[in-house]
Each structure stands twice: as structure tokens, then as C-alpha cells.
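A closer look at the structure
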Amino acid sequence: MRRVLTIQDISCMGKCSLTVALPIISALGSEAVILPTALLSTHTAFSEYTFKDLSDQIEPITGVWKNEGVKFDAIYTGYLGTIGQIRQVTDIFRTFGTKDNLIVVDPAMADLGKLYPAFDMEYVKANLELCRYADIILPNITEAAFLTGMDYRENYSEHYIKELLKRLADTGAGIAVLTGVSLEQGKTGVMGYDKNKDEFYVYQNRKIDKSFHGTGDVFSATAVGEMMRGRDWKEAMRIAADYTVRTIEATLDDPDEPWYGVNFESTIADLVNM
Ligand code: PXL
């Protein structure tokens, strides 16, 4: 069985980061090893939240794994709380990264043109450093604009997206995949770029005019889980995009639709057969 290490916070309530990654990676048939970076009451879009930094646990925990000779088939990082933690994660990549395992960085720090409440430009710079170690990075357009220093645009052309992707590839990651890319009216999806092959990939699906928290986490965890099932990155991105859309639709069908996240629980059984 493949083993995936995922490094993100635990938002106890909020349907994001580890509470999404753990069930999705497990459902897709890989062992999910978690490294919680912080413990929050709720994600940071709630009007109030607690934040307990777990940085002092990272080295003792990874030290045990190192002594045990643990190996990972993939290391996947999402939301990290502080610059110090980004540096600790870089050390983890150096310790546990091999030429055969897959390193996926979702530089979760911003959306809809804005950084999340806890972050600033120093944090962006540190995240850029982290991307250098990745085989695949999965930013949304806002994160890509912050990482590359390009303007964030709500209305954009394919040329703008290609330029973002090429600049992202210059960060050092072999493959960059942008999420939430809408190239036709009523459609949205992903566009990726493989630097070594100088090849773009586009996949568009139905666009739903409502955004929910945690959909980036659903997408990334699914993409990682699918690559661990042996799919190539393009197929994995297509399935992740389809699953995310299906999950948003299922959420909208729920009369008690939660404002803070999506009902991936009601679609996860379908994912296994997608
Ligand atoms: O979904 C990304 C995410 C993860 N973790 C925490 C967050 C967010 C987005 O706001 O606040 C704590």
C-alpha cells in the first residue's frame, strides 16, 4: 500500500485541511500519515478562532519516523500556519524526499484576490521557497499571482494563465497546475504546465457561481490520492476537478448547506469509483 504524508493544520470544525485530506486519501486506498502543524477551533474564515501552534512537535515526531526508517510515497503539504513551519517543512522534504517519491505543495494562503487573515508578503516569500522543492504545485489564481508577483485578475485571457503557469514553473516545481481557471463562459477547471515537456493541459467543467471554503483542499487531496492510485497527473487533475464540482453540487442540494465547507461526505463513495 502506498503511504502519503500530509502536513497541514487541524481545524477541528470547518471541513478543510486534514479533516478533508485524511478521509479522501484513505478512501482512495493509500495510507494517510498526518503531521498536524496547528490546532484550530475552526478555520480562519469564522469570525473567531483559536490557534495552537504545534511547531514544537514537528521535530520530535519526524525524529521518531526517521529513527524507524519510515518512507513515504508522497508528501503533500497544504495550509501551514507560520514562516517557521514552512522552514521546518523544507527540512522534512530534505530528510524524507527521494528521487522516487512525489512532493506536492498546495500553497494554501489566499483566495479571491486576498491573502487569508493570518498571512503577509513575508509568508508569500517563504511559500515560494517551499515550491522549489515540489514536483507539483497546486495554487489557485490568487496564490499564483502572489507567488509570481503578477497582477491578480478576475477577468483574464488564456494568455494570462499561460504566463502565470510559465512563471510558476520558473519557481522550480516541475509541474504547476492552476485551479479555478475559467476559459469559457459557464465553465471552470484547471490548467497545468509541464516544464520539462513544455506542454500545457486544460480541463474545463461546469462552473457553479458560488464559492465554498475547503474546495481547494478537496481538489488537492483527491489529486494526490489519484496519483497514488497510479493515474498520471493530467488524469488525476481531471478527476479531482470533476469530484470537486460534483461535491459543490451535492452541497447546494442540501437544504442545510453548511456555509463553511462542502459536503464531500455525501460524494466520497462515488469518488472511489470515478
Ligand atoms: O482551506 C484552506 C484553509 C485551511 N486551514 C485553515 C484555513 C484555511 C482557509 O481559510 O483558515 C486554518
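Before reading further, recall that the structure is shown in the block above.
Residues numbered from 1 in each chain as written. Predicted model: local features only at pLDDT ≥ 70, side-chain atom pairs only at ≥ 80, totals over all residues. Heavy atoms only, no water.

1. Some remarks on helix α3 (residues 83-96)
- With 14 residues, α3 should cover 20 Å at 1.5 Å per step; its first-to-last C-alpha distance of 20 Å lies within 8% of that length.
- Those residues of α3 that sit buried are Gln85, Ile86, Gln88, Val89, Thr90, Ile92, Phe93 and Phe96. (Helix = DSSP H or I, 4+ residues; strand = E, 2+ residues; numbered from the N terminus. Expected span 1.5 Å × (residues − 1). Buried < 20%, exposed > 50% of the residue type's maximum accessible area, 1.4 Å probe, protein only.)

2. Observations concerning the side chain of Gln8
- Among the secondary structure elements, Gln8 is positioned in strand β1 (residues 3-13).
- A polar contact is formed between the side chain of Gln8 and the side chain of Thr6, at a distance of 3.0 Å.
- Aside from chain neighbours lying at most four places away, what touches Gln8 is Ser17, Leu18, Ala21, Leu35, Pro36, Thr37, Tyr76, Gly78 and Tyr79. (Polar contact = N/O pair within 3.5 Å; in protein donor to acceptor, adjacent residues only side chain to side chain. Contact = heavy atoms within 4.5 Å.)

3. Section: the packing of helix α5 (residues 141-148) against helix α6 (residues 158-169)
- With their axes 10 Å apart at the nearest point, α5 and α6 run at an angle of 55° to one another. It follows from the interaxial angle that α5 and α6 lie oblique. Judged by the sense of rotation from one axis to the other, the crossing of α5 with α6 is left-handed. In this structure, α5 contributes Ile141, Ala144, Ala145, Leu147 and Thr148 to the contact, and α6 contributes Tyr160, Ile161, Leu164, Arg167 and Leu168.
- A class-by-class count of the residues in the contact of α5 with α6 yields 8 nonpolar, 1 polar and 1 charged. (Axes fitted to C-alpha atoms, helices over the stretch in contact; angles between N-to-C directions. Parallel < 35°, antiparallel > 145°, perpendicular 65-115°, else oblique. Left-handed = near helix turned anticlockwise from the far one by under 90°. Nonpolar A, V, L, I, M, F, W, Y, C, P; charged D, E, K, R; others polar.)

4. Quick look at the pairing of strand β2 (residues 31-42)
- Strand direction decides the pairing type here: β1 and β2, joined by 9 bridges, are parallel. Bridge assignment links Met13 to a residue of β2, and that residue is Thr42.
- Between the parallel elements β1 and β2, the chain passes through helix α1 (residues 18-27) in a crossover that is right-handed.
- Here β2 pairs with strand β3 (residues 51-53) via 3 bridges, running antiparallel. Within the sheet, the bridge partner assigned to Ala38 lies in β3 and is Asp53. (Pairing = 2+ DSSP bridges. Right-handed = clockwise from strand over helix to strand, strands pointing away.)

Treat this as a map of the structure, not an account of what it does.
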